[in-house]
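Secondary and tertiary structure notes
Given next are the chains, with one letter for each unit.
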Amino acid sequence: MLKIYNSLTQTKEEFKPLVEGKIGIYVCGITTYDYLHLGHARMLVAFDVVTRYLRERGFDVNYVRNITDIDDKILNRAKENGELFSDLTDRFIEAMHEDERALAVLPPDVEPRATGHITEIVEMIKLLVEKDMAYRAGNGDVYFSVMNFPDYGKLSKKKMDELLDGARIEVGELKKDPRDFVLWKSSPDDGVGWDSPWGYGRPGWHIECSAMSTCCLGDNFDIHGGGSDLLFPHHENEVAQSEASTDTQFANVWMHNGPLRVDNEKMSKSLDNFFTVREILETYDAEVVRHLLIASHYRSPINYSEQSLRQSTSILERFYNCLNGLDIDSAKSLTNSRFEKAFFAAMDDDFNTPEAFSVLFEIVREINKQKEGEPILANQLGALLVRLANLLGILQSTPAEFLRSNVATDVDEEEVDQLIAARKQARANKDWALADEIRDKLAAMKVVVEDGADGSGWRIER
RNA sequence: GGCUGGAUGGCAGAGUGGUCAUGCAGCGGACUGCAACUCCGUUAACGCCGGUUCGAUUCCGACUCCAGCCUCCA
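Here goes a summary of the coordinates provided. What you are looking at is a predicted structure, and each value in this text was computed from that prediction instead of being measured.

The subject of this paragraph is the overall build of chain A. Helix and strand counts for chain A stand at 16 helices and 15 strands. C-alpha extents for chain A along the principal axes are approximately 95 × 50 × 35 Å. Looking at chain A residue by residue over its 462 residues, the buried ones come to 52%. Put simply, of all contacts in chain A between residues at least 6 apart along the chain, 74% involve residues at least 24 apart. Only carbon and sulfur atoms are counted for the fraction: they give 47% of the accessible area of chain A, which is about 21200 Å². Within chain A, one finds 53 positive and 79 negative side-chain charges whose respective centroids are separated by 4 Å.

Pasting the structure below:
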């Protein structure tokens with residue numbers, strides 16, 4: 001039984017899709033005005049695991065993840081650079097897709113862009129204005145009227161009146177209520193914008209997601225996800241806009257991934273303590289980064305550090321050392337084993353990846369035990385290990401690829417082979433001094449030699 | 001100040017009302033010319049104070065501390 005923690009009810013619930021066998025899921029994507037940082041990567045990887053697993057469970061998943069390609073930050077950055085805002089967003093969308101591929105994040109089924117849905121956005125705002133749920137202010141901006149939506153706060157568990165107290169939001173002369181938020185912003189005539197019943201302007205951030213999710217998945221759909229920092233106000237506002245306009249429940253299940261911290265502080269652009277994905281990928285393998293991001297439960301915070309990356313590196317080395325020498329391609333994966341059952345039970349329990357990993361380590365130990373005596377069984381277990389790990393998007397390389405190269409180290413394989421051959425000769429002559437000298441030489445090249453029953457293997461030192 | 005969540009062995013990180021997480025590190029052994037890899041064994045934990053219970057790290061309450069949100073943010 002698949003259970004998912006629902007932020008709306010604050011409980012783990014048995015998951016039941018609206019339509020048997022099908023799942024519609026919408027996740028708030030990126031505002032594209034810079035390179036992805038590790039916090040973005042966490043969100044992308046978290047929901048990549050979710051969708052991969054839901055598909056494995058046999059669901060027909062429609063995964064929608066939007067791109068916010070119109071926003072004040074984008075306009076400001078474009079202005080600084082002296083370029084068209086669309087050139088800026090095109091560039092960073094391309095970079096985002098590159099980073100996603102590196103991290104083995106599968107593309108969503110639909111990737112709507114805000115600028116591609118202006119019509120739907122305007123229609124939704126129109127409906128809200130007609131229903132007296134929104135109003136046009138003197139400057140052409142249109143605001144949502146929070147007071148007219150009694151359920152406001154049901155997702156973030158905030159009380160309407162408490163939101164009023166000490167509200168840091170200035171009561172502008174434009175807003176009727178400090179809690180109101182903008183749906184449509186008027187733009188200067190020479191600025192970026194679109195025509196609307198309220199004049200030339202551009203959409204507010206929150207309405208984009210309401211319009212795009214409804215457009216792609218319908219008024220009521222199964223799962224809405226995003227970072228926990230979006231819960232308020234963004235997701236709360238989405239609920240308000242959508243339910244006020246459609247008079248029906250918006251998303252059934254709300255999933256929020258936990259934050260990524262650096263030195264126990266939230267990593268964010270505004271704190272200027274963020275690491276971009278591409279900068280980390282210069283020194284660490286993508287799979288190492290991906291492991292780090294799923295080694296903790298998706299709802300827990302992750303504290304990023306060099307040490308945690310090193311730990312993920314040793315863990316992957318253990319996996320690949322185990323797979324090294326197995327013949328997996330021709331082996332049939334063991335099915336219905338206790339390992340597989342335990343793995344699925346862990347993932348069924350709100351995508352408990354740490355628990356799932358503990359099962360993978362049990363398989364590793366079993367393989368290492370059986371390698372000598374029961375090679376066929378070891379191969380079958382190896383195939384199982386790879387199959388299950390692939391559901392998490394890891395162990396997608398071969399042992400040789402992972403163990404003998406990485407982004408930071410480049411070795412001359414021919415030279416290594418020559419040195420190993422020379423050492424083999426020395427060992428045959430029992431010239432241990434020479435053998436050790438050669439091993440030291442290899443070590444200086446960051447090459448670790450491993451002597452086995454059938455010759456000496458090697459890997460790079462990470 | 002309000003709301004939400006958390007506090008687990010040296011570190012990372014799950015989970016459970018009474019017997020094991022798991023990984024890294026440590027210790028002892030096996031393998032090895034010595035190592036590395038690997039295997040076997042092993043040490044070690046549940047913030048603090050009460051309550052419920054035959055029994056609580058696990059449930060309930062108070063306290064302390066930490067984090068996130070309340071403002072753009074995945």
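Past the structure itself, the notes keep going.
Moving on: the pairing of strand β1 (residues 3-6). Consecutive residues of a regular strand have side chains that alternate between opposite faces of the sheet. The two faces of β1 differ: I4 and N6 on one face are buried, but K3 and Y5 on the other face are not. Two elements, β1 and strand β2 (residues 11-14), share 4 bridges in a ladder whose sense is antiparallel. By the bridge assignment for β2, K3 is matched with E14. Hairpin connection of β1 to β2: 4 residues between the antiparallel strands, including Q10 at a positive phi of 60 degrees.

For the rest of this paragraph, the subject is the packing of aromatic side chains. Within this structure, the stated rule accounts for 16 aromatic pairs. Aromatic side chains F15 and F59 sit 6.1 Å apart centroid to centroid with 80 degrees between the ring planes, which places their arrangement in the edge-to-face category. Here F59 lies in the loop between α1 (38-56) and β4 (60-68) and F15 lies in the loop between β2 and β3 (22-31), a separation of 44 residues in the sequence. The same class applies to F15 and to F59, which are both buried.

Let's shift gears to the pattern of salt bridges. Under the definition given, this model contains 34 salt bridges. Measuring nitrogen to oxygen at the nearest pair gives 3.0 Å for the salt bridge that ties R387 to E340. Taken together, the residues span a long stretch of sequence, with R387 in helix α13 (residues 375-391) and E340 in helix α11 (residues 338-348) at a distance of 47 residues. For R387, a relative accessible area of 27% translates into the label partly exposed. Classification of E340 by relative accessible area gives buried; the value is 14%. For R439, the salt bridge goes to D436, with nearest N and O atoms at 3.4 Å. Within this pair, R439 and its partner D436 are both found in helix α16 (residues 432-444), separated by 3 residues, close to a single helical turn.

Parameters and conventions
- Residues numbered from 1 in each chain as written.
- Chains lettered and ligands numbered in written order.
- Predicted model: local features only at pLDDT ≥ 70, side-chain atom pairs only at ≥ 80, totals over all residues.
- Heavy atoms only, no water.
- Helix = DSSP H or I, 4+ residues; strand = E, 2+ residues; numbered from the N terminus.
- Buried < 20%, exposed > 50% of the residue type's maximum accessible area, 1.4 Å probe, protein only.
- Contact = heavy atoms within 4.5 Å.
- Areas by Shrake-Rupley, 256 points an atom, 1.4 Å probe, with all protein chains shown as cover.
- Lys, Arg positive; Asp, Glu negative; His and termini not counted.
- Charge placed at Lys NZ, Arg CZ, Asp CG, Glu CD.
- Pairing = 2+ DSSP bridges.
- Phe/Tyr/Trp six-rings, centres within 6.5 Å; stacked < 30°, edge-to-face > 60°.
- Salt bridge = Lys/Arg side-chain N within 4 Å of Asp/Glu carboxyl O.

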